[in-house]
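Understanding the architecture of this molecule
So you can see what is in the structure, the chains are spelled out below.
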Amino acid sequence: MNLTVTDDLMATIRTIPNYPKPGIMFRDITTLLGNARAFRRAVDELVHPFAGAKIDKVAGIEARGFILGGAVAHQLSAGFVPIRKKGKLPHDTVRVAYSLEYGLDEMEIHRDGVSPGEKVMLVDDLIATGGTAEGAVKLLKQIGADVVGSCFIIDLPELGGAQKIRKLGVPVRTLMEFAGH
Ligand code: AMP
């Protein structure tokens, strides 16, 4: 049987109902990451549209975006830049407040993490409302990055995040969709 990429990878995601709070279906990618074949395939598929784009840096959002972003950066022969929860980065930072599907928070990037004009791709595991990714795009633009794309394994299209990021002029690559939250 020849499964599509989506069906193949979707089968490796574990869903935990009502975590971290009632009504949320938590899409757990640790089961995908723990499957060697699925992890490689997911990274290959995420980078596919960007293979010729001469990306300088991959920006990953803490914490699952670090795991994927590191692998994506390696695959694209790009550098890696972390976007972290506030107070974690040791050097001079810029900070942005952003809204989450379940809360409010602030995140930061090193001011010198990207040089002005560098081509950057943003990576995270999942896009829901797009609040996190929007905050990350703002941070990257603030330090002069040319944000040429973003990629996520999972899209929750009913929450409109991917559309929100496309409206900012940033292409969005996702590998599968789940209905609801
Ligand atoms: P948002 O800012 O609403 O797009 O939320 C995206 C961020 O929250 C990502 O870093 C995800 O890892 C996490 N997240 C949001 N909703 C879920 C969910 N249903 N399952 C797993 N992670 C989620």
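Look above for the structure.
Residues numbered from 1 in each chain as written. Predicted model: local features only at pLDDT ≥ 70, side-chain atom pairs only at ≥ 80, totals over all residues. Heavy atoms only, no water.

Things to note about the packing of aromatic side chains
One pass over the structure, following the stated rule, counts 2 aromatic pairs. Aromatic side chains tyrosine 19 and phenylalanine 26 sit 5.2 Å apart centroid to centroid with 85 degrees between the ring planes, which places their arrangement in the edge-to-face category. A relative accessible area of 15% places phenylalanine 26 in the buried class. (Phe/Tyr/Trp six-rings, centres within 6.5 Å; stacked < 30°, edge-to-face > 60°. Buried < 20%, exposed > 50% of the residue type's maximum accessible area, 1.4 Å probe, protein only.)

Topic: the nonpolar core
Ranked by internal contacts, the top residues of the largest apolar core, which has 29 residues, are Val72, Ile153 and Ile154. Every element with two or more residues in this core is listed here: α2 (30–33), α3 (36–47), α4 (64–76), β7 (119–127), β8 (146–155) and β9 (172–177). Residue contributions to this core peak at 5 residues, all from α3. Once you skip the residues sitting within four places of it in the chain, valine 72 turns out to touch Val43, Leu46, Val47, Val58, Met121 and Val123. Core analysis: the next-biggest nonpolar cluster, separate from the first, contains 26 residues, Tyr98, Ala133, Phe152 and Val170 among them. (Core = buried A, V, L, I, M, F, W, Y, C linked by side-chain atoms within 4.5 Å. Helix = DSSP H or I, 4+ residues; strand = E, 2+ residues; numbered from the N terminus. Contact = heavy atoms within 4.5 Å.)

A short note on α3
When the terminal C-alpha atoms of α3 are compared, their 17 Å separation across 12 residues agrees well with the 16 Å that a helix rising 1.5 Å per residue should span. Residues Ala38, Ala42, Val43, Leu46 and Val47 constitute the buried set of α3. Down the axis of α3, the sector holding all buried residues measures 155 degrees, keeping them to one side. Those residues of α3 that are exposed and angled more than 90 degrees off the buried face are Ala36 and Arg40. Looking at the packing, one finds that the buried side of α3 touches α1 (5–10), α2, α4, β7, β8 and β9. (Expected span 1.5 Å × (residues − 1). Arc of directions from axis to C-beta.)

Some thoughts on the pattern of salt bridges
Across all of its chains, the model carries 10 salt bridges by this definition. Between aspartate 8 and arginine 37 there is a salt bridge; the shortest N-O distance is 3.0 Å. A residue pair is termed long-range when its members are at least 10 positions apart, and aspartate 8 in helix α1 and arginine 37 in helix α3 qualify at 29 residues. For arginine 37, a relative accessible area of 48% translates into the label partly exposed. With a shortest N-O distance of 2.9 Å, arginine 14 and aspartate 28 are connected by a salt bridge. Of the two residues, arginine 14 is situated in strand β1 (residues 14–17) and aspartate 28 in strand β2 (residues 25–28); the sequence distance between them amounts to 14 residues. (Salt bridge = Lys/Arg side-chain N within 4 Å of Asp/Glu carboxyl O.)

Re the packing of α3 against α4
At a minimum axis separation of 10 Å, α3 and α4 run at an interaxial angle of 65 degrees. Of the two elements, α3 crosses α4, and the hand of that crossing is right-handed. Of the residues in α4, those touching α3 at Phe39, Val43, Asp44, Leu46 and Val47 are Ile67, Leu68, Ala71, Val72, Gln75 and Leu76. A breakdown of the residues in the contact of α3 with α4 according to their chemical character gives 9 nonpolar, 1 polar and 1 charged. (Axes fitted to C-alpha atoms, helices over the stretch in contact; angles between N-to-C directions. Left-handed = near helix turned anticlockwise from the far one by under 90°. Nonpolar A, V, L, I, M, F, W, Y, C, P; charged D, E, K, R; others polar.)

Quick look at the pairing of β7
Among the 9 residues that make up β7, 8 are buried, leaving the element largely enclosed by the rest of the structure. The sheet contact formed by β7 and β8 spans 8 bridges and is parallel. Looking across to β8, one finds that valine 120 is bridged to valine 147. Traced from β7 through helix α5 (residues 131–142) to β8, the parallel crossover comes out right-handed. (Pairing = 2+ DSSP bridges. Right-handed = clockwise from strand over helix to strand, strands pointing away.)

Describing α5
Here α5 contains 12 residues, and its C-alpha end-to-end distance of 16 Å stays within 8% of the 16 Å for a straight helix at 1.5 Å per residue. Note on α5: the residue one or two positions beyond its end, glycine 144, has a positive phi of about 95 degrees.

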